[in-house]
Amino acid sequence: MARHLVTSALPYINGIKHLGNMVGSMLPADVYARYLRQRGHDVLYICATDEHGTPAELAAAKAGQPVAEFCAGAHETQKEIYDGFGLTFDYFGRSSSPQNAEITQHFARRLHENGFIEERAIRQVYSPVDGRFLPDRYVEGTCPHCGYDKARGDQCENCTRVLDPTDLINPRSAISGSTDLEVRETTHLFLLQSKLQGEVEAWIDENSKEWPLLSTSIARKWLAEGLHDRAITRDLEWGVPVPADTWPELAADGKVFYVWFDAPIEYIGATKEWADAAPDGETRDWKSWWYEAADVRYTQFMAKDNVPFHTVMFPATQLGVREPWKMVDYVKGFSWLTYYGGKFSTSQQRGVFTDAALEILPADYWRYFLIANAPESDDSSFTWEHFAGTVNKDLADTLGNFVNRVLTFSAKRFGNTVPAGGEPGEAEAKLGAEVTRLLTELEEHMEALQYRKAANALRALWSAGNAYLVEKEPWKQVKTDEAAAAVTLRTAMNLIHLYAVVSEPFIPASAATLRGVFALDGDTATWVTPEAAAALDAVPAGASFTVPPVLFAKISDEDLEGFRERFGAGSVD
Ligand SMILES: [Zn+2]
């Protein structure tokens, strides 16, 4: 038994996330956390909404709400959806929490004491009409590269080039539309990442040996380009205030830390939120997970655009603090899930969003499809045709049909108890060996965080049940040899119980239904070792069972047509 800390990249607060966001961070983290818990490990799975920054302020303004109120509502909305997906966060926090403010300020003070933070004057756009500086997206104008006239101050959506607000031609305020803008000098805190480059490189050399290529290649590319000193504060209303004890003038000017600095610190902040939210009588030691926590294995999950922040920038912050905070042991990065080969887009509402997904089908359908097609080594594409095909074949035909056939037939011929009589023979021994082999594979792939391969092994386990039924044909056996049919059905029911246990990380709601089929006293097994699984004897003769309703409804051609129509399909862009 080991202690496992698991975090998934923080979903940003403005808007509902799409399926690509789900499969790129939270869902695989949940599958891993569930698996580790089943194996008896001590697991803490932490996530939170990322709430600071310009997009949150602008989204709140658009909604006509104060930003704090907007974020509180949006946090609840996201949390409900993730509950609907069966995500088992130990805590789902908020980066705007007082806990995060406290730890962020502590980190900043320590970085300052250690000589890694410096005040620098920069030139920034100021709007006299709005009475404020206009960072990032608060300025719009014409892109100097491609001429697009709605480019934002941080990036041009048309040509994707990263911009500085002062680059824009004909700039205007995104708040008031005012073109009466000037460039003024303002002072900000800079994190001197350039001074930490060597330490980050040494840390990567030492710690990334087992990481997937996607994670290490991105980290190496960033390091090769050289770490730049970066501003970690902004002139915004909404954010962690610069502490007045260390920087009285900047604090008096209302400067706040910028989102990229405080967001990763929220992994720690949310863990303290978890501890502070402990019910009466329960003690939660947040610090034991993060401080001098050599016994903890820490795994992070994120899509590739977040890899630089987690492999280079946050480690630079942690190293510069010069305190023994837990650093990541394994970074699982993901490529993109595309929608018919094009981009899912939050701003253009293209693709399938997590709220709409749950409206049309149960979470297990999405969980299984997304994990079985996780964009691990390369991008993978969502199409309705592929999705329906996978659900119908793997879930409805292979798993669901097996369960239903076995239980319905046995109930009809032997009543609602597991049939007794007969002895397992050669076919059962062969099946047991196959089960051991496939379960060993499943374990190896889960330990290695290889999701597609793990899903393949699980699917093969389900198929093994069907192959066994085809071989034994209990509906024929029962006519000539009732005891032989009893052995077959009893063995098949044991497979159903095994599926209930080992499918749980992937399709937890369906696994719970399967667990409920048998009324077994003391059925508390959270996992079955490959060796023990071979016996297929956890469910004894005489145990009662119920036939559950159909586990997975097939997606019909009519459904498919409706989905294509509602969400759009075919080529995009
Ligand atoms: Zn452009």
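A short tour of the structure in this document, coming up. (Residues numbered from 1 in each chain as written. Predicted model: local features only at pLDDT ≥ 70, side-chain atom pairs only at ≥ 80, totals over all residues. Heavy atoms only, no water.)

The next thing to look at is the coordination of the zinc ion. Coordination of the zinc ion by the protein comes from Cys143 (SG), Cys146 (SG), Cys156 (SG) and Cys159 (SG), over a distance range of 2.3 Å. Within one chain, the residues donating to the zinc ion are spaced in sequence as C-x2-C-x9-C-x2-C. With relative accessibility at 33%, the residue Cys146 sits in the partly exposed group. (Donors = N, O, S within 2.8 Å, 3.2 Å for Na, K, Ca; no water. Buried < 20%, exposed > 50% of the residue type's maximum accessible area, 1.4 Å probe, protein only.)

Bringing the packing of helix 5 (residues 197–207) against helix 9 (residues 307–321) into the picture now. The contact between helix 5 and helix 9 brings their axes to 9 Å, and the two run at 110°. Taken together, the axis directions place helix 5 and helix 9 in an arrangement best described as roughly perpendicular. Both helix 5 and helix 9 take part in a crossing whose hand is right-handed. In contact with Glu199, Val200, Trp203 and Ile204 of helix 5, helix 9 contributes Thr311, Val312, Pro315, Ala316 and Leu319. In the contact of helix 5 with helix 9, the residues fall into seven nonpolar, one polar and one charged. (Axes fitted to C-alpha atoms, helices over the stretch in contact; angles between N-to-C directions. Helix = DSSP H or I, 4+ residues; strand = E, 2+ residues; numbered from the N terminus. Parallel < 35°, antiparallel > 145°, perpendicular 65-115°, else oblique. Left-handed = near helix turned anticlockwise from the far one by under 90°. Contact = heavy atoms within 4.5 Å. Nonpolar A, V, L, I, M, F, W, Y, C, P; charged D, E, K, R; others polar.)

Turning next to the sheet that holds strand 14 (residues 330–334). Spatially, the five strands line up as an open sheet ordered 3-2-1-13-14, and their pairing is parallel. Each of the sheet's edge strands pairs with one partner strand only, and the pair in question is strand 3 (91–94) and strand 14. The mean inter-strand angle of the sheet, taken between neighbouring strand axes irrespective of direction, is 20°. Relative to strand 14, strand 13 (residues 296–303) runs parallel, the two being bridged by five bridges. (Pairing = 2+ DSSP bridges.)

On to the packing of aromatic side chains. Considering all chains together, one arrives at 30 aromatic pairs under this definition. On the basis of an interplanar angle of 15° and a centroid distance of 4.9 Å, the ring pair of Phe89 and Phe92 is categorised as stacked. Accessibility classification places Phe89 together with Phe92 in one group, the buried group. One aromatic cluster in this structure is built from Tyr339, Tyr340, Phe344, Trp366, Phe369, Phe382, Trp384, Phe387, Phe563 and Phe567. (Phe/Tyr/Trp six-rings, centres within 6.5 Å; stacked < 30°, edge-to-face > 60°.)

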